[in-house]
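Commentary on secondary and tertiary structure
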Amino acid sequence: MTRSSARSDGKAFTTGALILAVIAVSSSAPLIAFAAAPALAVAFWRNGLAFAALTPISAGPRRAEVRSLPATGGIFCVLAGIALAVHFATWMPAVKLGSVATATALVATQPVWQGLLAAALPGQTGPSRLSWAGIALAVVGVAWATGVDIGVSSQAVLSDVLAVIGAIAAAVYTAFGERARVRISTTTYTWTCYGTCAVLLLVVCLVARVPLTGYDKQTWLAILALVVGAQLLGHSMFNYALQKVPATTVSVLILLEVPGAALLAWLWLGQTPSTAALPGLAVLVAGVAVVILGARTTPAQVPVDAP
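Bear in mind the structure is a predicted one, so any value in this text is a computation, not a measurement.

Cut-offs and rules
- Residues numbered from 1 in each chain as written.
- Predicted model: local features only at pLDDT ≥ 70, side-chain atom pairs only at ≥ 80, totals over all residues.
- Heavy atoms only, no water.
- Helix = DSSP H or I, 4+ residues; strand = E, 2+ residues; numbered from the N terminus.
- Buried < 20%, exposed > 50% of the residue type's maximum accessible area, 1.4 Å probe, protein only.
- Contact = heavy atoms within 4.5 Å.
- Areas by Shrake-Rupley, 256 points an atom, 1.4 Å probe, with all protein chains shown as cover.
- Salt bridge = Lys/Arg side-chain N within 4 Å of Asp/Glu carboxyl O.
- Axes fitted to C-alpha atoms, helices over the stretch in contact; angles between N-to-C directions.
- Parallel < 35°, antiparallel > 145°, perpendicular 65-115°, else oblique.
- Left-handed = near helix turned anticlockwise from the far one by under 90°.
- UniProt positions renumbered as here; feature names shortened; annotations may be inferred.
- Phe/Tyr/Trp six-rings, centres within 6.5 Å; stacked < 30°, edge-to-face > 60°.
- Core = buried A, V, L, I, M, F, W, Y, C linked by side-chain atoms within 4.5 Å.
- Disulfide = S-S within 2.5 Å.
- Patch = residues over 30% accessible without salt bridge, like charges linked within 9 Å, V, L, I, M, F, W, Y side chains within 5 Å.

**Topic: the overall build of the chain**
The secondary structure content of the chain amounts to 15 helices and zero strands. By residue count, 49% of the 307 residues in the chain fall in the buried class. Counted over contacts in the chain with a minimum sequence separation of 6, partners at least 24 positions apart contribute 88%. Carbon and sulfur atoms make up 69% of the accessible area of the chain, which amounts to about 13800 Å² in all.

Shown next as structure tokens:
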């Protein structure tokens, strides 16, 4: 095989990986809405099963690194796991309470909150002028889209609020994750983070008496699809692509989750997006894209549902 053909094959594989990753994360919200189980329970099983799937690696090849976590920044893995638990405990109920399209679009505002967080923290590089313009555009889009829900029902408004809180929690999760990843591998970081998140969600489920079993076969299949798809496969493919293409490109591609989830919810669940909200959602996505393109930092700001 010549060098040019090998390069062509590598580019084709990377393109395929990105397409697969976008499809995987786009299926997340529709699967959550489809599962006939409480949102908190789905969140627990999603993280708990992912933690279990990574345990053989962490207990084997990564065992020495796991033992050294207290000295290498393991506290940041735990803090990231706490933020991730807040993200899942708010965004996943938002999907069940409102529409898939709006909840997915609002949680995709994570880069906006990431920029504002960077501006607020000492020693961090705040948003550029272009990013500030994108933030303003995204705020207009949020106001437009959620303003429609105010006239629909109080449940839809609650869904919007929970989705925004989920996006903020995702930004905090990423901030702690960046600190942890300085000295900790992806596998060990993910294993610790998912484990922390699963334990917290389990406690919440037990205190709130949320049923964790007794679901039908289709619901268990939906939960397994979430674990294999959005939680593991989408994550892995995006991480692979980051070695081949610019982080900004990956971040913009992840925004395809918004129309992708809306399309799947329409075809599969019969959720037709509100015509009045569509322009606001489009402005929101455009604003987030401007924020990403105007970012001064190079790391990708990836939404949690494609962690």
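**Here's the deal with the environment of Ala36**
Checked against the element boundaries, Ala36 lands in the loop between helix H2 (28-34) and helix H3 (39-59). Counting along the chain gives 182 residues from Ala36 to Gln218, while the straight-line C-alpha distance between them is 8.2 Å. If we ignore the near neighbours within four places in the chain, the residues touching Ala36 are Tyr215, Asp216 and Thr219.

**Points about the pattern of salt bridges**
Pairing is possible between side chains of opposite charge, provided their charged atoms come close. Within the structure shown, the criterion is met by one salt bridge. Residue Glu65 pairs with Arg62 through a salt bridge whose shortest N-O separation is 3.7 Å.

**Remarks on helix H14 (residues 257-269)**
Among the residues making up H14, those that are buried are Glu257, Val258, Gly260, Ala261, Ala262 and Ala265. In the segment just after H14, Gly270 is the residue with positive phi, at about 75 degrees.

**Focus on the packing of helix H7 (residues 100-107) against H14**
Between H7 and H14, the shortest axis-to-axis distance is 8 Å and the interhelical angle comes to 165 degrees. Relative to H14, the element H7 is oriented roughly antiparallel. Read as a crossing pair, H7 and H14 show a hand that is right-handed. Counting all contacts with H7, which are made through Val100, Ala101, Thr104 and Ala105, the residues of H14 involved are Glu257, Val258, Ala261, Ala262 and Ala265.

**Quick notes on the UniProt feature "transmembrane region" (unreviewed entry) in the chain**
Here the UniProt feature "transmembrane region" (unreviewed entry) sits at residues 69-91, 97-118, 130-150, 156-176, 188-212, 218-238, 250-269 and 275-295. For residues 69-91, the helix share is 96%, the strand share is 0%, and the end-to-end C-alpha distance is 29 Å. Taken end to end, residues 97-118 is 82% helix and 0% strand, and its two terminal C-alpha atoms sit 31 Å from one another.

**Considering the packing of aromatic side chains**
Evaluated as defined, the whole model comprises six aromatic pairs. Judged by centre distance (5.1 Å) and plane angle (45 degrees), the ring pair of Tyr215 and Trp220 falls under tilted. Among the residues examined, Tyr215 registers a relative accessible area of 12% and is labelled buried. Through a chain of ring-to-ring contacts, the aromatic side chains of Phe44, Trp45, Tyr215 and Trp220 assemble into a single cluster.

**Comments concerning the nonpolar core**
Grouped together as the largest cluster of nonpolar side chains are 69 residues, with contacts concentrated most on Trp91, Met92 and Tyr189. Top element by residues in this core is helix H6 (residues 74-97). It accounts for ten residues. Of all hydrophobic cores here, the second largest spans nine residues; its members include Leu18, Val22, Met237 and Ala241.

**Topic: the state of the cysteines**
Here the structure, examined in full by the defined rule, presents zero disulfides. A disulfide-free cysteine, Cys197 has its sulfur positioned 6.7 Å from the sulfur of Cys193, the nearest such atom.

**A closer look at unusual backbone geometry**
Even without a glycine there, the phi angle at Arg209 is positive, about 60 degrees. According to the relative accessible area criterion, Arg209 is exposed, its value standing at 76%.

**Section: the environment of Ala53**
For Ala53, the position within the fold is in helix H3. The exposure class assigned to Ala53 is partly exposed, which follows from its relative accessible area of 41%. Linking Ala53 and Val227, residues 174 residues apart in sequence, is a C-alpha distance of 9.3 Å.

**Structural notes on a nonpolar patch on the surface**
Taken together, the side chains of Ile75, Val78, Ile82, Val86, Val161, Ile165 and Leu200 present a nonpolar region at the surface, about 500 Å² in accessible area. When residues of the nonpolar patch are traced back to their parent elements, those giving at least two are H6 and helix H10 (154-180). The greatest single-element share of the nonpolar patch, amounting to four residues, is contributed by H6. Mapped onto the elements, Leu200 comes out in helix H11 (residues 186-207).

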